[in-house]
Amino acid sequence: MNGKRKPGEPIYLRRHMLALTIAVGLPIVLLQFYKAFVGPISFGIQLVVVLIISVLAGIVLYIAYRSSARNQP
């Protein structure tokens, strides 16, 4: 590849990828900390917590990075 992007391809920066990695790993890490320090929780509760955290993290990522991940003309 010559390093050029195709027209219309979004511009993703290193901070976008780092934030996405954190958003994906955050629910798993939080549940593991909860299980280690508080106690076991049911699978249903784990699923609900992961879904809520994932949706909130996705919304935060969208709001934080929508201006810097615009499509290239």
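These numbers were taken from a predicted model, which means no experiment stands behind them. (Residues numbered from 1 in each chain as written. Predicted model: local features only at pLDDT ≥ 70, side-chain atom pairs only at ≥ 80, totals over all residues. Heavy atoms only, no water.)

Asks: Tell me about the side chain of Q46, and please be specific about residues and values.
Replies: Checked against the element boundaries, Q46 lands in helix 2 (residues 43-65). When sequence neighbours within four positions are dropped, the list of residues in contact with Q46 reads L31, K35 and I41. (Helix = DSSP H or I, 4+ residues; strand = E, 2+ residues; numbered from the N terminus. Contact = heavy atoms within 4.5 Å.)

Asks: Any chance you could break down helix 1 (residues 14-37) for me, citing the residues and the numbers?
Replies: For helix 1, built from 24 residues, the straight-helix expectation of 34 Å at 1.5 Å per residue is met to within 8% by its first-to-last C-alpha distance of 33 Å. G25 marks where helix 1 bends most, by close to 40°; the proline P27 follows one to four residues later. Three or more residues of helix 1 are buried, namely H16, A19, A23, P27 and L31. Among the residues trailing helix 1, G39 stands out with phi positive, at a value near 150°. (Expected span 1.5 Å × (residues − 1). Bend = angle between axes of the 7 residues up to and from the residue. Buried < 20%, exposed > 50% of the residue type's maximum accessible area, 1.4 Å probe, protein only.)

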